[in-house]
Amino acid sequence: MRFRSVLVANRGEIAVRVVRACRELGIRSIAVYSTADRDAVLGRLGDEQVHIGPAPARRSYLNAAALIEAAVQRGAEAVHPGYGFLSEDPDFAAACADNDLTFVGPPPEVISRFGDKAAARTAMAEAGLPILPGTGTAVEEDEARAAADRIGYPVIIKAVAGGGGRGMEIVTEPGAFAAAYRRTRDTARALFGDDRVCLERFLTAAHHIEVQVLCDEHGNAVHLGLRDCSAQRRRQKLVEESPSPVVSPELADRITAAALRGARAAGYRGAGTFEFLLDPASRDFYFMEANCRIQVEHPVTEMVTGVDLVREQLLIAAGQPLSIRQEDVRPRGVAVECRINAEDPDHGFAPAPGPLVEFVPPGGPFVRVDTHAYPGMTVTPHYDSLIAKVICWGPDRDTALDRMDRALAELRVAGPGVRTTTGFLRELIAHPLFRKGLHTTSLVDRVVAERGPQPPGAHP
Amino acid sequence: MNDQESPLDQLRNTAAMLFELAPHTPSRIRLRSGDASIEVHWPQAGPAPATAPATAPAPAPPLVTEEAADDTLVAVRAPLLGTFYRSPAPEAPPFVTPGDKVEKGQQIGIVESMKLMNPVESAVAGTVVEVLVADAAPVEFDQVLLTVTTAGAGDGCAEVFPGGRS
């Protein structure tokens, strides 16, 4: 069966992406919007639109009651949560089920397990996945300090309930441990309402490698290869690509096999991502976390495999078996994605929202742009700063990167107060280390430093 | 002047129709052709209400004429998405009907969301002009449920405003 109607419980480019998948499947899509997004959504996105609340996300896109009420009111059969917001909230997934709505994602108990970093570490270690030395469960300060000494510095302190790069702190020497430990707990309590933390060895420079998986409820599970997301700033990804330029086919097989082992052990269902850190020196890899949702960077996998991941999500959620077997997944070429954010790279990547007087996306062969933006739209300061994703494919990495540089040169975004990361991204992908594919998670900080000191008044 | 009926003529004709329907002879008539609005005032029977607050909430539609500080049409909007109920219980009479006086803070309906009954109150004192949503109908956040006129002392007010209301 297929759903007849789906409520898209998100905003921005991912809402556009989900609506497109629905259209191609003949599914009626119901978009939601906050007051801040009214002009951008009303009459523009989906087959219907519902005003769910005022601008603050807490009262609109994070308001589970309003979203479920809207879904019931409009007769939706399923709810697609996109990424961020309520996409990995087990209570929201459970509330959907309680109201006879299918949540497009894994079962609530799977989301819960992966949402707890300590529990996920333990479960994946039991499934035989390699994990970094660390503590599996939340620990008190004395115990934590002893564990840090045993693990060896630098260590990273992570909020058990954290995610999205928030609620983490790196400690490079024992003298700084106590303060960092207390700060992380305070942050975790404030951000997540849960001050438990766990520890892990920190790899100063590593490759961020992740595996896309698809699992159905009939016991089928496939992987769709690797993505390399090593170009990060403060654990926020800027550029992603598939496959990884640093992973040999033999190593890739081992990493994808580990991800599938973890997915099966967890009873995973839907589209998911298993993230790993790869030590550039030893070539050892370690499970980091699993994300129970579609990811921002999913298009690079789509471009090399030809598999529409959002379509598969919708079909899996409707109870259909996977449309592909592992042997059908034959990645071809290289795809790269750049995230265009309304941020000012010359001022510490501070948000730079405002009205878009000009918005001209790039085009041409093997260029894909996922965006909700259009000339006249205002980038609101209420939500994240992503305004477009530019994805380029090439038969090899050099061609894909040349194409990306050309595409970014074509992209025109302008308006009062609006700045974007476009120029910075062009510098980043032209950097010799990036160009050779040797970059690690430390590259972006280095490029930022090489750009020279920021002018006075810059935000740290 | 030409032979075609101007917008002002149309307004005048509409106003004339309203006079027929009004219970008393109007005390004041205001026509505008710019935004095509008509206001008809008539003297009110009974004691004059207390002075009404003159402020209107920010998102109110452009229904207010430039000098109409004391007889403003104010929208009461859904505070959240859900199902609108006009009565406290299925068999009970509605909280308010057109023509009823309401006090500031008086309950005019209920929006049910996730099985929770959320009272809806009028932010102003005045007279209910029109209820725009049927009982038990679904409503979105911020949708206009009913309109209240914040009557000036001794006055009632009715307005006609083509378009612009949904």
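Quick summary incoming for the structure in this document. (Residues numbered from 1 in each chain as written. Chains lettered and ligands numbered in written order. Predicted model: local features only at pLDDT ≥ 70, side-chain atom pairs only at ≥ 80, totals over all residues. Heavy atoms only, no water.)

**Focus on unusual backbone geometry**
Here is step 1: Between Tyr-153 of chain A and the following residue, Pro-154 of chain A, the backbone shows a cis peptide bond with an omega angle of 0°.
Here is step 2: Relative to the elements of secondary structure, Pro-154 of chain A occurs in the loop between α7 (141–151) and β6 (155–163).
Here is step 3: Ser-242 of chain A connects to Pro-243 of chain A through a cis peptide bond whose omega is -5°.
Here is step 4: Locating Pro-243 of chain A in the fold gives a position in the loop between β11 (236–242) and α9 (249–266).
Here is step 5: Although it is not a glycine, Phe-349 of chain A sits at a positive phi angle of roughly 60°.
Here is step 6: Relative to the elements of secondary structure, Phe-349 of chain A occurs in the loop between β15 (343–344) and β16 (350–351).
Here is step 7: What makes Phe-349 of chain A buried here is its relative accessible area of 7%.
Here is step 8: Phi at Asp-142 of chain B is positive, roughly 75°, even though this residue is not glycine.
Here is step 9: Mapped onto the secondary structure, Asp-142 of chain B falls in the loop between β9 (137–139) and β10 (144–150). (Helix = DSSP H or I, 4+ residues; strand = E, 2+ residues; numbered from the N terminus. Buried < 20%, exposed > 50% of the residue type's maximum accessible area, 1.4 Å probe, protein only.)

**Points about the pairing of strand β10 (residues 221–233) of chain A**
All names here are of chain A.
Here is step 1: Most of β10 sits inside the fold, with 13 of its 13 residues counted as buried.
Here is step 2: Two strands pair when backbone bridges link them, and strand β9 (residues 207–215) and β10 are joined in this way by six bridges, in the antiparallel orientation. Paired with Cys-215 across the bridge in β10 is Ala-221.
Here is step 3: If you look at the hairpin formed by β9 and β10, you'll find five residues sitting between the two strands, and Gly-219 has a positive phi there, around 90°. (Pairing = 2+ DSSP bridges.)

**Section: the sheet that holds β6 of chain A**
All names here are of chain A.
Here is step 1: With antiparallel pairing, the three strands of this open sheet are ordered in space as β7-β6-β8. At either end of the open sheet lies a strand with only one pairing partner, and these are β7 (166–171) and β8 (197–201). Taken over all neighbouring pairs, the strand axes of this sheet differ in orientation by 25° on average, direction set aside.
Here is step 2: Two elements, β6 and β8, share five bridges in a ladder whose sense is antiparallel. Bridge pairing in β8 places Ile-156 opposite Glu-200. (Axes fitted to C-alpha atoms, helices over the stretch in contact; angles between N-to-C directions.)

**As for the interface of chain B and chain A**
Here is step 1: Taken residue by residue, the interface counts 13 residues in chain B and 18 residues in chain A.
Here is step 2: Both sides of the chain B and chain A interface together cover about 1000 Å² of buried area, and 55% of this is carbon and sulfur.
Here is step 3: Of all residues in chain B, the largest losses of buried area upon contact with chain A belong to Leu-81, Met-114 and Phe-141 of chain B, amounting jointly to 59% of the total for that side.
Here is step 4: Viewed at the interface, chain A and chain B are joined by one salt bridge.
Here is step 5: Across the salt bridge formed by Arg-74 of chain A and Glu-140 of chain B, the nearest N and O atoms sit 2.8 Å from each other.
Here is step 6: Where chain B packs against chain A, one counts six residue pairs in polar contact (both at pLDDT 80 or more).
Here is step 7: For the side of chain B that touches chain A, the elements supplying multiple residues, two or more each, are β4 (82–85), β6 (107–113) and β9 of chain B.
Here is step 8: Looking at the side of chain B that touches chain A, its residues break down into six nonpolar, three polar and four charged. (Contact = heavy atoms within 4.5 Å. Buried area = accessible area lost by both parts, 1.4 Å probe. Salt bridge = Lys/Arg side-chain N within 4 Å of Asp/Glu carboxyl O. Polar contact = N/O pair within 3.5 Å; in protein donor to acceptor, adjacent residues only side chain to side chain. Nonpolar A, V, L, I, M, F, W, Y, C, P; charged D, E, K, R; others polar.)

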